[in-house]
Amino acid sequence: MKPKKTYDQLRSARWMVPDDFRSFGHRSRTMQMGFGPEDWEGKPFIAIINTWSDAQPCHMHFKDRAEWVKRGVLQAGGFPMELPALSLSESYVKPTTMLYRNMLAMETEELIRSHPVDGVVLMGGCDKTTPALIMGALSMGLPFIYLPAGPMLRGNYAGAVLGSGTDSFKYWDERRAGTITKEQWQGVEGGIARSYGHCMTMGTASTMTAIAEGLGLTLPGASSIPAPDANHQRMAASCGRRVVEMVWEDLTPDQIVTHNAVNNAVTVAMATGCSTNAIIHLIAIARRAGIPLELDDLDRIGRTTPVIANIRPSGTTYLMEDFFYAGGLRALMQRLGGKLDHSAITVTGKTLGDGIGDAKVYDDDVIRSLDNPLYHEGSLAVLKGNLAPDGAVIKPAACDPKFHTHRGPALVADSYPELKAIIDDEDYDMTPDTVLVLRNAGPQGGPGMPEWGMLPMPKALLKQGHRDMVRLSDARMSGTSYGACILHVAPESYVGGPLALLQNGDIVSLDIPNRKLEMEVDDDELARRRDAWTPPKPRYDRGYGWMFSRHIEQANLGCDFDFLKSEFGPNVDEPVIY
């Protein structure tokens, strides 16, 4: 345990204490905002990094929640300072928020570094905000606590419970198949998202907030609280109070995000039926903390961690609101028992085991026991072979078991418009064994690796009654998606990965139990195709996209910028104040 800090040791004291011209300016401009010395003297400055915006429906309540955080900071004797950051709305940002995850990470790190900040409350929830905020704060290294936005309420239409994303895909297939009317489709549209908060399925948002809690970066149970629940307001104030204490304790993230904490987070993710996006973000987060984490590590833990959260899309019935009532993440971690390291320290300053305490499960069908899992292994499987030498990802728990081993002819689209032409042609020549392929949709090719990987079912198969098929891509897919979708193929086709050499009619072989993904094409033929392949034109000639294309890493490495990983160079010095 470190000795408690004194006021003169705080970062903010460099701005506010000296009897010099610059500090005169800092104090006078603080007074310009109506504050007096009694508001800040002897108190830590707490940054509240808020990803609210008018274009972020998942964070509509963050204006209010920031005020609750400030209340907690003031109660504990701190000085709150709200700083706005990119909101990364999954709904609106194109071509994909993944293109800008690293931008928010950079913004977070530099907001903290450049301001008189001693501790931080990170406010996020919608998919990429969680990893981005955490990545940036880890790189900066000051005490921080993560405040998750919380899931929205269950959707509802005509008496049916709707899950965000998951039922959108389901009913869109039915609309395209002609089994529901336009009016019914519009009813689903109006009922599927009926409160603020992030997706209430176990999509990427719920996955990443659970991972944040598994890492020890939230208050116990925080990730499960529905956004509209009054407990969420109290949790926000508690975050404000606790971060002040963390500053005095000098409880920095390197004491929390350890190798064992990362393994805990992977285990929690696998047990929840997590989004495929968890793999990319977990690798990036771990590497920011200087902890090596590879695809094989995730697959190894997944092999021995069953899915016990019966939540859509891996489950068929329940949503995050049900999960909260059933006991939430603390109860799930209780059920995981010795699969977690209970000695890991969390933002509470106590152990993960202390935070779990005597948490109870109140519905054994929502949170299953280890001997009655939803799926016998973890949510995700890592595949390798001559199609994906650096790995690909599939979610076996969310697809028909008949596709766990499969052979079929490839049907390849080089772009999304080409794919649409295939899937919208009711008479396109294909069979249920066909492997539908979209390429040039990875980190550079997308650009930004969009969530195009749950390729829509072709009308030619929908009209025959089929609702799943093997699909293959170097793209990602929404965490709310489902089906036999192979994703994150690395290296991506746009940079010359083997997927670029696949041709129509080539037999693709999938073997999930043995973690294999192959194209049945001999090496000599692949070498001939390699010699004939020409690189595509760059996606960008200037600006952020130009920088992105030159520094983005592949999916198996977490899609971080190469110059942001911890091993790239020494930590940045504190800013000079002259």
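Attention in this report is confined to the structure presented alongside it. Because the structure is a prediction, the values reported are computed rather than measured.

## A few points about the packing of helix α6 (residues 129–140) against helix α12 (residues 277–288)
At a closest axis distance of 9 Å, the pairing of α6 and α12 adopts a crossing angle of 10 degrees. Viewed along their axes, α6 and α12 adopt a mutual orientation that is roughly parallel. Residues Pro 131, Ile 134, Met 135, Gly 136, Leu 138 and Ser 139 of α6 form the contact with α12, whose participating residues are His 281, Ala 284, Ile 285 and Arg 288.

## A few points about the packing of aromatic side chains
Using the criterion set out here, one finds eleven aromatic pairs in the structure. In textbook terms, an aromatic cluster arises when at least three aromatic residues are bridged by ring pairs, as seen for Tyr 100, Tyr 544, Phe 548, Phe 561 and Phe 563. The ring of Trp 15 carries Arg 14 above its face, with NZ or CZ at 5.7 Å from the centroid. The ring centre of Trp 68 lies 4.2 Å from the NZ or CZ of Arg 71, which sits over that ring.

## As for empty space enclosed by the protein
Applying the stated criterion across every chain, the model contains two cavities of 30 Å³ or more. For the lining of the largest cavity, the secondary-structure elements that each account for two or more residues are α15 (328–336) and α16 (352–356). Element by element, the count of residues in the lining of the largest cavity is highest for α16, at three residues. Classifying every residue of the lining of the largest cavity by side-chain character gives four nonpolar, five polar and two charged. The space that makes up the second largest cavity amounts to roughly 30 Å³.

## Describing the environment of Leu 438
Checked against the element boundaries, Leu 438 lands in strand β10 (residues 435–438). When its relative accessible area of 0% is taken as the criterion, Leu 438 is described as buried. Sequence separation of Leu 438 and Asn 263 is 175 residues, and the distance between their C-alpha atoms is 32 Å. Once you skip the residues sitting within four places of it in the chain, Leu 438 turns out to touch Ala 413, Ser 415, Tyr 416, Leu 419, Trp 452, Leu 455, Leu 472, Ser 473, Asp 474 and Leu 499.

## Comments concerning the sheet that holds strand β1 (residues 45–50)
With parallel pairing, four strands are arranged side by side in an open sheet as β2-β1-β3-β4. Strand pairing shows two members of the sheet lacking a second neighbour, β2 (79–84) and β4 (144–148), which therefore form its edges. In this sheet, adjacent strand axes meet at a mean angle of 20 degrees when their direction is disregarded. Taken together, the five bridges between β1 and strand β3 (residues 119–124) define a ladder with parallel strand orientation. Bridging across to β3, Ile 48 finds its partner in Val 121. Helix α5 (residues 101–114) rests against β1, β2 and β3 of the sheet, and its axis sits at about 145 degrees to β2.

## Examining the side chain of Gln 554
Tracing the backbone shows Gln 554 in the segment after α20 (543–551). Beyond its immediate chain neighbours, meaning those up to four positions away, Gln 554 contacts Pro 443, Pro 491, Glu 492, Val 495 and Cys 559.

## Section: the layout of surface pockets
If you add up the space inside the largest pocket, you get close to 1200 Å³. For the largest pocket, the lining is made up of 44 residues, of which Glu 90, Gly 165, Phe 169, Glu 451 and Ser 478 are closest to its centre. Of all the secondary structure elements, the ones that give two or more residues to the lining of the largest pocket are α7 (166–177), α8 (182–191) and α9 (204–215). For the lining of the largest pocket, the element with the most residues is α7, which contributes four residues. Classifying every residue of the lining of the largest pocket gives 22 nonpolar, 14 polar and eight charged. Residue lining of the second largest pocket: 26 residues in total, with Glu 109, Leu 138, Ser 139, Met 140 and Asn 571 positioned closest to the centre. Broken down by secondary-structure element, the contributors of at least two residues to the lining of the second largest pocket are α5 and α6. In terms of residues, the lining of the second largest pocket owes the most to one element, α5, which gives four residues. A per-class count over the lining of the second largest pocket returns twelve nonpolar, six polar and eight charged.

Definitions and limits used
Within each chain, residues carry numbers counting from 1 in the order of the written sequence. Whole-chain, interface and lining totals are the exception, using all residues; otherwise, since this is a predicted model, local features are given only for residues with pLDDT of at least 70 and side-chain atom pairs are given and counted only at 80 or more. Side-chain descriptors were evaluated using all non-hydrogen atoms of the structure, hydrogens and water having been removed beforehand. Note on definitions: angles span 0 to 180 degrees between N-to-C directions of axes, and those axes are lines fitted to C-alpha atoms, for helices only across the stretch in contact. Numbered from the N terminus, helices here are DSSP runs of H or I no shorter than four residues, and strands are runs of E no shorter than two. Oblique is the label for any angle not covered by the other classes, which are roughly parallel (under 35 degrees), roughly antiparallel (over 145) and roughly perpendicular (65 to 115). When checking whether two residues touch, look at their non-hydrogen atoms; a contact exists if any pair is within 4.5 Å. Ring pairs are drawn from Phe, Tyr and Trp, using the six-membered ring of Trp, whenever the two centres fall within 6.5 Å, and their geometry is named by plane angle: stacked under 30 degrees, edge-to-face over 60, tilted for the rest. Here, a charge over a ring means that NZ of Lys or CZ of Arg falls within 6 Å of the ring centre while also lying within 35 degrees of the ring normal. Using only the protein atoms, space was sampled on a 1 Å grid; points where a 1.4 Å probe fits but cannot get out form cavities, open sets with protein on both sides within 12 Å along at least five of seven lines form pockets, and lining residues are those with an atom within 4 Å of a point. Grid points are joined across faces, edges and corners, and a volume is the space filled by probe spheres set on the points. Gly falls in the polar group here, along with every residue not listed as nonpolar (Ala, Val, Leu, Ile, Met, Phe, Trp, Tyr, Cys, Pro) or charged (Asp, Glu, Lys, Arg). For each residue, the accessible area found with a 1.4 Å probe, counting protein chains only, is set against the maximum for its type, and the residue is called buried under 20%, exposed over 50%, and partly exposed in between. By definition, two strands form a pair when at least two bridges between them are found by DSSP.

Interpretation in functional terms is not warranted from these geometric data alone.
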